[in-house]
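Structure at a glance
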Amino acid sequence: MEKRREEKRREEKRREEKRREEKRREEKRREEKRREEKPARSPDFNSVDFYLWDHLKQLVYAAGIPNAEILHKRVMEAYETFRHRVGVGI
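1. Quick look at the overall build of the protein
- The secondary structure content of the protein amounts to three helices and zero strands.
- Starting at the N terminus and ending at the C terminus, the protein contains elements arranged as α-α-α.
- Burial statistics for the protein: of 90 residues in total, 9% are counted as buried.

2. Let's talk about the side chain of His55
- Looking at the secondary structure, you find His55 in helix H2 (residues 47-60).
- If we skip the residues at most four places from it in the chain, His55 touches Phe82 and Arg85.

3. Details of the pattern of salt bridges
- Counted according to the given criterion, the structure contains 15 salt bridges.
- Glu2 serves as the salt-bridge partner of Arg5, at 3.8 Å between the closest nitrogen and oxygen. In this pair, Arg5 and Glu2 are both assigned in helix H1 (residues 2-37), three residues apart and thus about one turn of the helix distant.
- The closest approach of N and O atoms between Glu12 and Arg15, which form a salt bridge, is 3.8 Å. Linking Glu12 with Arg15, this pair stays in helix H1, spanning three residues, or about one helical turn.
- Classification of Glu12 as partly exposed rests on a relative accessible area of 37%.
- What emerges from the salt-bridge pattern is a single network uniting Glu11, Glu12, Arg14, Arg15, Glu16, Glu17, Arg19, Arg20, Glu21, Arg24 and Arg25.

4. Things to note about the confidence of the model for the protein
- Scored by pLDDT, the protein comes out at a mean of 83, with 83% of its residues at no less than 70.
- Per-element confidence in the protein is highest for H1, whose mean pLDDT is 89, and lowest for H2, whose mean pLDDT is 81.

5. Observations concerning the side chain of Arg74
- Take Arg74: it is sitting in helix H3 (residues 68-83).
- No salt bridge is formed by the buried Arg74. Its closest oppositely charged neighbour is Glu77, at 5.7 Å.
- A polar atom in the side chain of Arg74 sits 2.9 Å from the backbone oxygen of Ala63.
- In this structure, Arg74 is in contact with Val60, Ala63, Gly64 and Ile65, ignoring residues within four places of it in sequence.

Rules used in this analysis
Residues numbered from 1 in each chain as written. Predicted model: local features only at pLDDT ≥ 70, side-chain atom pairs only at ≥ 80, totals over all residues. Heavy atoms only, no water. Helix = DSSP H or I, 4+ residues; strand = E, 2+ residues; numbered from the N terminus. Buried < 20%, exposed > 50% of the residue type's maximum accessible area, 1.4 Å probe, protein only. Contact = heavy atoms within 4.5 Å. Salt bridge = Lys/Arg side-chain N within 4 Å of Asp/Glu carboxyl O. pLDDT = per-residue confidence, 0-100. Lys, Arg positive; Asp, Glu negative; His and termini not counted. Polar contact = N/O pair within 3.5 Å; in protein donor to acceptor, adjacent residues only side chain to side chain.

Given below as structure tokens:
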């Protein structure tokens, strides 16, 4: 009886380890796919883009955002504020 319990425990341990290994492999595949989709040094972004996004982010997240509707409203307001500045043609 005790022997059977021990065997069941070992089998369960093996199954759990197999599940963990499969999960690690899946996470690794997802990470590799993300890297392929967007390289670390993408030429699509430049310093102006980073400035723009940083500035918009500061305007949008100046206060808490309770829901998606407010988030959308703040993004649009921040965009309009930035767009109307002199010398910025977005």
